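# Structural description and commentary
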Amino acid sequence: MDGGQPVPSPLVPLENASADSSMSLEQKTTFVFVILLFIFLGILIVRCFRILLDPYRSMPTSTWADGLEGLEKGQFDHALA
């Protein structure tokens, strides 16, 4: 390598380093998307903790057989045809 030339870094642009300190549109969009994902993650965590603390509150009181009209419980072979 040459001893006198500095190696340019891809992380730090050489021109407009101090002139353009604001974020670009792509960075703003990514930042907003990440914030929305964190909000969604927080909502899911709160919901999971509420289900863990009181699991029977979120379950429906009716059973799967309440909605059957005209069919007896356990007669599935006639319903499939």
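Quantities reported herein were computed from a predicted structural model and do not represent experimental measurements.

Rules and cut-offs
- Residues numbered from 1 in each chain as written.
- Predicted model: local features only at pLDDT ≥ 70, side-chain atom pairs only at ≥ 80, totals over all residues.
- Heavy atoms only, no water.
- Helix = DSSP H or I, 4+ residues; strand = E, 2+ residues; numbered from the N terminus.
- Buried < 20%, exposed > 50% of the residue type's maximum accessible area, 1.4 Å probe, protein only.
- Patch = residues over 30% accessible without salt bridge, like charges linked within 9 Å, V, L, I, M, F, W, Y side chains within 5 Å.
- Areas by Shrake-Rupley, 256 points an atom, 1.4 Å probe, with all protein chains shown as cover.
- Salt bridge = Lys/Arg side-chain N within 4 Å of Asp/Glu carboxyl O.
- UniProt positions renumbered as here; feature names shortened; annotations may be inferred.

This part is about the overall build of the chain. Of regular secondary structure, the chain possesses two helices and zero strands. Taking all 81 residues of the chain together, the buried fraction comes to 1%.

Let us now look at a nonpolar patch on the surface. Taken together, the side chains of Phe33, Val34, Leu37, Phe38, Leu41, Ile45, Phe49 and Leu52 make up a nonpolar region of the molecular surface, amounting to roughly 830 Å² of accessible area. Mapping isoleucine 45 onto the fold places it in helix α1 (residues 25–53). Since its relative accessible area comes to 41%, isoleucine 45 is described here as partly exposed.

Further remarks concern the UniProt feature "transmembrane region" (unreviewed entry) in the chain. In the numbering adopted here, UniProt assigns the feature "transmembrane region" (unreviewed entry) to residues 31–53. The distance from the first to the last C-alpha atom of residues 31–53 is 33 Å, and the span holds 100% helix and 0% strand.

This next bit is on the pattern of salt bridges. A full pass over the atoms with the stated rule returns one salt bridge. Between arginine 57 and aspartate 54 there is a salt bridge, with its nearest N and O atoms 3.6 Å apart. Overall, arginine 57 belongs to the exposed group, its relative accessible area being 51%. The partly exposed category is assigned to aspartate 54, whose relative accessible area is 34%.

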